[in-house]
Amino acid sequence: MNSTAVRSVGTPSTRLFGLLAIVCMTWVVVGGLFFTPADLNQGESVRIMYVHVPTAWVAYLAFIVTGVASAMFMFGKRHSLGFDRVAGASAEVGLMFMAITLISGSLWGRLTWGTFWEWDPRLTTTAFLFVTYLGYMAVRGLGGSPQQRARRSAVVAMLAVLEIPLVHFSVVMWRSLHQRASVLSTDGDIKMDGLMLTTLFVGVIGFTCTFAWLVSHRQRVMAMRDILLATQLDSALNERIAEGSQS
Amino acid sequence: MSTSPNIARVARVVAAKDLRIEMRSHIVVQQVLPFAGLVMVMFAFALDNDDVLQRVAGGLVWLATLFSLFIVVQRSYAIETSDGALDALRVAGVDSQGIFLGKSAALFVQLITLEMLLFVLAVVLYQVQLSLAGLVLLVTCVLCATAGLAFVGTLYGGLTAGARGRETLLPLLLLPVVAPVVLSATRATESAFLSGGTVLADGWSWVGVLAVFAALFGIGGLLSFGALIEE
Amino acid sequence: MDALSTSIIDLRDVVAVYNGYPALAGASLSVEKGEIVLLQGPNGAGKSTLLRLCAGLLPVERGTAFVLGCNVQNERERIRSRVGLLGHNNGLYADLSIADNISFWASMVGALQSEIDAAMSRMGIDGSLASRSVGNLSAGQKRRCALACLIVRRAELWLLDEPHAGLDAKGRDEIDAILREASQLGATIVVASHEVERAQHLATRNVAVVAGRVQERS
């Protein structure tokens, strides 16, 4: 009865996302590194765009998914913990993509303008998003029952949805004061030809599929962890009952 | 059966209680004000340039306020958790929105007191100048910014109060959220001080941002405080 | 469902958890209106957790819990204003005086000045003691203050965790008298206490809490 064979952990949806991700990412790597032309102004360093732009898109997508899933948990009739798991998984995976965005953006800036950091609104807001989500993950780790953890994190996520646009808006206002710097965004002066645009687009799809694949697996691991905790509770209960019948 | 009071009454009583406790214990006056004043002095040591200090005086005042905010919020909740008073309020079914408003109001008063001192210090230590029109802008800026800080501090303070290992979470959660306040309040204050070549009109747009922030988090806090202090 | 609506407390196989540890491991308890129930048991048995759960402070991990006809899992707000809890802590503000603490509580629960004066007088904390700061009081005096706060609540269900602790003999007699009066006025009372002999002539029913479960005693 005991099967020691390793069973696959994939499902039809993760296989679909995984396959799409592999296909698209292959295109992006090959196309981005070899077939697309270098930029007139930036030279070869423009190729970072194929990583930086899609990961920035995915970082914000993750943020929106967490916000929406949190709202669906809070305002849904059954307060289903599945939404909370999606919110948590999306935030975790999103953190990784935010880090990639920040690092790739920083390197790109170094190559293009000679500085690792610019107070560009998009980069600054992404940095704030990153720190906010570090805080969100810390709140998720505070302990308590799954329901309480879910409710607390959902509130924090929805407050973050209020906060991030405010941060972005005030940073945009702030940078508009410093007209002399103008918009030193690294992709401000790139002329995109057809192949570059297509590769970028495929990159967005590829990274999004990777995101979906990761979130799907992560939330399943979280579900399994909750089942494990329930099992551990069962044995803790039995122990406690046993200690009661001994006295 | 006794009747439960409405939100406004709860808020008033909670705010009065917090302020009465401060008046008896003098924690803000005897500990936090000196701390904030010292922070202002430390800035002078670190920056060591009178022109620079005069230009960035606005920002330094708000930074000192920010650091003090953490301490004042933690004190605000320490009195609630040291003997289980907040739990007792929850068991009694006291309206959490009233508690939120009351604690925010008390925090507001304490912060305003702090900021008044800090601005006086800025005039003394950093030699800033202030016109009448600038004063109006400054007062409005301070009122709106402090309201926002009070709401956000009360909200996240409630989340991080009590349990071991939670208090250290407060700065991490609070800093990203108050960033727009620090940014906007500093720009408006600089306009009021006419430092860095800014004009008064710019300052008023920043005050607008502060007002929006305060309104959003006032309402957001009212709606979410109850869920955050729940066990 | 009929049994649920008439019992003041109806717990069935309730499991309550602190960080993975099952403080209550399948507790079942039924308390009718007007009863005075004594909870006995060793430290760590789960008496305090049981009381806190009935007060609506803790979530129910497993099992069903109905207090005053409301489901503890999702109707906690409706329970709260009708329940009075005296827990391990006193719920007082150390920097305020007794009088300030009690008048704060009275404002929160809408009690009258006459009720406040009566409660303070019964607990022996009126007069010059009332203006002393709570932080400077002895444990027993703080407990009396907490009890006075509980009395002005006029709750339907009283939950008391070691109410006699820290009090002298006179104070303990006074507590018992107050509880009996409250019971006669229709309140239901659950007391957790180590003081078996004293509590036995107070309670209408004894119940043992052992390792997170409830066992009836006669």
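**What to know about the overall build of chain B**
Within chain B, the secondary structure is distributed over 8 helices and 0 strands. Listed by position from the N terminus, the elements making up chain B come as α-α-α-α-α-α-α-α. For chain B, the C-alpha radius of gyration of 18 Å lies close to 17 Å, the compact-globule estimate for 231 residues. Its C-alpha atoms give chain B principal-axis dimensions of roughly 65 × 30 × 30 Å. Per-residue burial for chain B yields a buried fraction of 52% across its 231 residues.

**Re the nonpolar core**
Core analysis: the biggest nonpolar cluster contains 220 residues, and Cys141 and Leu210 of chain B together with Leu53, Ala148, Val152 and Leu159 of chain C have the highest contact counts within it. Built from parts of two domains, this core gets at least three residues from each of domain 1 (1-82 + 159-218) and domain 2 (90-154) of chain C. With residues near it in sequence (within four places) discarded, Leu53 of chain C still touches Val14, Ala16, Leu24, Leu58, Val60, Ala65 and Val72 of chain C.

**Structural notes on helix α1 (residues 7-25) of chain B**
Residue pairs three or four apart in sequence face the same way in an α-helix, which turns once every 3.6 residues. An ideal rise of 1.5 Å per residue puts 27 Å on 19 residues; α1 of chain B measures up with 27 Å between its terminal C-alpha atoms. Looking only at α1 of chain B, the buried set comprises Val10, Ala11, Val13, Val14, Ala15, Lys17, Asp18 and Glu22 of chain B. Next to the buried residues of α1 of chain B lie α2 (27-47), α3 (50-81) and α5 (96-126) of chain B together with α4 (98-109) of chain C. Once α1 of chain B ends, the next one or two residues include His26 of chain B, with phi positive near 55 degrees.

**Considerations on the sheet that holds strand β10 (residues 213-216) of chain C**
Residue and element names in this part refer to chain C. Ordered by their spatial adjacency, 6 strands build an open sheet running β6-β7-β8-β3-β9-β10, and the pairing between neighbours is mixed. With partners counted over all chains shown, the strands left at the sheet margins are β6 (83-86) and β10, one partner each. Going across the sheet, the axis of each strand differs from the next one's by a mean of 20 degrees, ignoring polarity. Of the pairings in the sheet, the one linking strand β3 (residues 36-40) to strand β9 (residues 205-210) comprises 4 bridges and is parallel in character. Note that in β9 the partner of Gln40 across the bridge is Ala208.

**Observations regarding unusual backbone geometry**
For Gln127 of chain B, which is not glycine, the phi dihedral falls at a positive 55 degrees. Following the sequence through the fold, Gln127 of chain B ends up in the loop between α5 and α6 (132-160). Accessibility expressed as a C-beta count within 10 Å gives 12 for Gln127 of chain B, which makes it exposed. Backbone geometry places Glu162 of chain C, a non-glycine residue, at a positive phi of 50 degrees. With 17 C-beta atoms packed within 10 Å, Glu162 of chain C lands in the partly exposed category.

**As for the interface of chain C and chain A**
The interface of chain C with chain A comprises 14 residues on the first partner and 14 residues on the second. Put simply, the parts of the chain that give the side of chain C that touches chain A at least two residues each are β1 (9-18) and β2 (21-31) of chain C. Per element, the largest residue contribution to the side of chain C that touches chain A is 4 residues, and it comes from β2 of chain C.

**Focus on the domain arrangement of chain C**
Size of an interface, as often reported, equals the accessible area lost when the parts are brought together. Residues and elements named next belong to chain C. By domain assignment, chain C separates into domain 1 (1-82 + 159-218) and domain 2 (90-154). A separation of 24 Å is found between the C-alpha centroids of domain 1 and domain 2. Across the boundary between the two partners, domain 1 contributes 9 residues, which contact 8 residues of domain 2. Split into classes, the residues belonging to the side of domain 1 that touches domain 2 amount to 5 nonpolar, 2 polar and 2 charged.

**Looking at the interface of chain C and chain B**
Every contact between the two is made by 27 residues of chain C and, on the other side, 26 residues of chain B. Counting only elements with at least two residues in the side of chain C that touches chain B, the list comes to α3 (76-80), β6 and α4 of chain C. Broken down by class, the residue content of the side of chain C that touches chain B amounts to 13 nonpolar, 8 polar and 6 charged.

**With respect to the packing of helix α1 (residues 12-35) of chain A against helix α6 (residues 194-246) of chain A**
At a closest axis distance of 7 Å, the pairing of α1 of chain A and α6 of chain A adopts a crossing angle of 145 degrees. The chirality of how α1 of chain A crosses α6 of chain A is left-handed.

**Focus: the pairing of β1 of chain C**
The side chains of a regular strand alternate between the sheet's two faces. All names here are of chain C. Burial of β1 is extensive: 7 of the 10 residues sit out of reach of the surface. Bridge analysis of β1 against β2 gives 8 bridges, and the strand direction is antiparallel. Residue pairing in the sheet places Val14 in a bridge with Ala27 of β2. Counted between consecutive antiparallel strands, the loop separating β1 from β2 contains 2 residues, among which Asn19 sits at a positive phi close to 50 degrees.

**Quick notes on the packing of helix α2 (residues 49-75) of chain A against α6 of chain A**
All names here are of chain A. Contact geometry of α2 with α6 gives a least axis separation of 9 Å together with a crossing angle of 45 degrees. In terms of orientation, α2 and α6 fall into the oblique class. Of the two elements, α2 crosses α6, and the hand of that crossing is right-handed. Of the residues in α6, those touching α2 at Met49, Tyr50, Val53, Pro54, Thr55, Trp57, Val58, Leu61 and Ala62 are Thr199, Leu200, Gly203, Val204, Phe207, Thr208 and Phe211. Tallied by class, residues from the contact of α2 with α6 come to 12 nonpolar, 4 polar and no charged.

**Some thoughts on the environment of Ile102 of chain C**
All names here are of chain C. Residue position: Ile102 is located in helix α4. We classify Ile102 as buried; it has 27 C-beta atoms within 10 Å. For the pair Ile102 and Ile116, spaced 14 residues apart in sequence, the C-alpha separation works out to 7.3 Å. Not counting residues up to four positions away in its chain, the partners in contact with Ile102 are Ile116, Met120, Cys145, Ala148 and Cys149.

**Some words on the sheet that holds strand β5 (residues 70-71) of chain C**
Residue and element names in this part refer to chain C. Here 4 strands make up an open sheet; going across it, the order is β2-β1-β4-β5 and the pairing antiparallel. Pairing within the sheet leaves two strands with one partner each, and these edge strands are β2 and β5. Across 5 bridges, the pairing between β1 and strand β4 (residues 62-67) is antiparallel. Across the sheet, the residue bridging to Val15 is Arg62, located in β4. Of the strands in this sheet, β1, β2 and β4 touch helix α2 (residues 47-54), which is tilted by about 65 degrees from β2.

**Description of the confidence of the model for chain B**
Averaged over chain B, the pLDDT score is 91; the fraction of residues at 70 or greater is 95%. When the elements of chain B are averaged for pLDDT, helix α4 (residues 85-91) of chain B gives the smallest value, 90, and α1 of chain B the largest, 95.

**Focus: the confidence of the model for chain C**
If pLDDT is low for a region, its predicted coordinates should not be looked at in detail. Looking at chain C, the pLDDT average stands at 87 and 96% of residues meet or exceed 70. Between the elements of chain C, mean pLDDT differs from a low of 55, seen in helix α1 (residues 2-6) of chain C, to a high of 94, seen in strand β7 (residues 157-161) of chain C.

**Digging into the environment of Thr188 of chain C**
Residues and elements named next belong to chain C. Structurally, Thr188 can be placed in strand β8 (residues 188-192). You can call Thr188 buried: it has 23 C-beta atoms within 10 Å. Measuring from C-alpha to C-alpha, the distance between Thr188 and Gly127 comes to 31 Å, with 61 residues separating the pair along the chain. Other than its neighbours up to four places away in sequence, Thr188 contacts Ile8, Val31, Lys33, Gly34, Glu35, Glu156 and Leu157.

Conventions adopted
Residues numbered from 1 in each chain as written. Chains lettered and ligands numbered in written order. Predicted model: local features only at pLDDT ≥ 70, side-chain atom pairs only at ≥ 80, totals over all residues. Helix = DSSP H or I, 4+ residues; strand = E, 2+ residues; numbered from the N terminus. Rg over C-alpha atoms; globule rule 2.2 N^0.38 Å. Buried ≥ 20, exposed ≤ 12 C-beta atoms within 10 Å, placed from the backbone. Core = buried A, V, L, I, M, F, W, Y, C linked by C-beta atoms within 7 Å. Domains from an automatic or database assignment. Contact = placed C-beta atoms within 7 Å. Expected span 1.5 Å × (residues − 1). Pairing = 2+ DSSP bridges. Axes fitted to C-alpha atoms, helices over the stretch in contact; angles between N-to-C directions. Nonpolar A, V, L, I, M, F, W, Y, C, P; charged D, E, K, R; others polar. Left-handed = near helix turned anticlockwise from the far one by under 90°. Parallel < 35°, antiparallel > 145°, perpendicular 65-115°, else oblique. pLDDT = per-residue confidence, 0-100.

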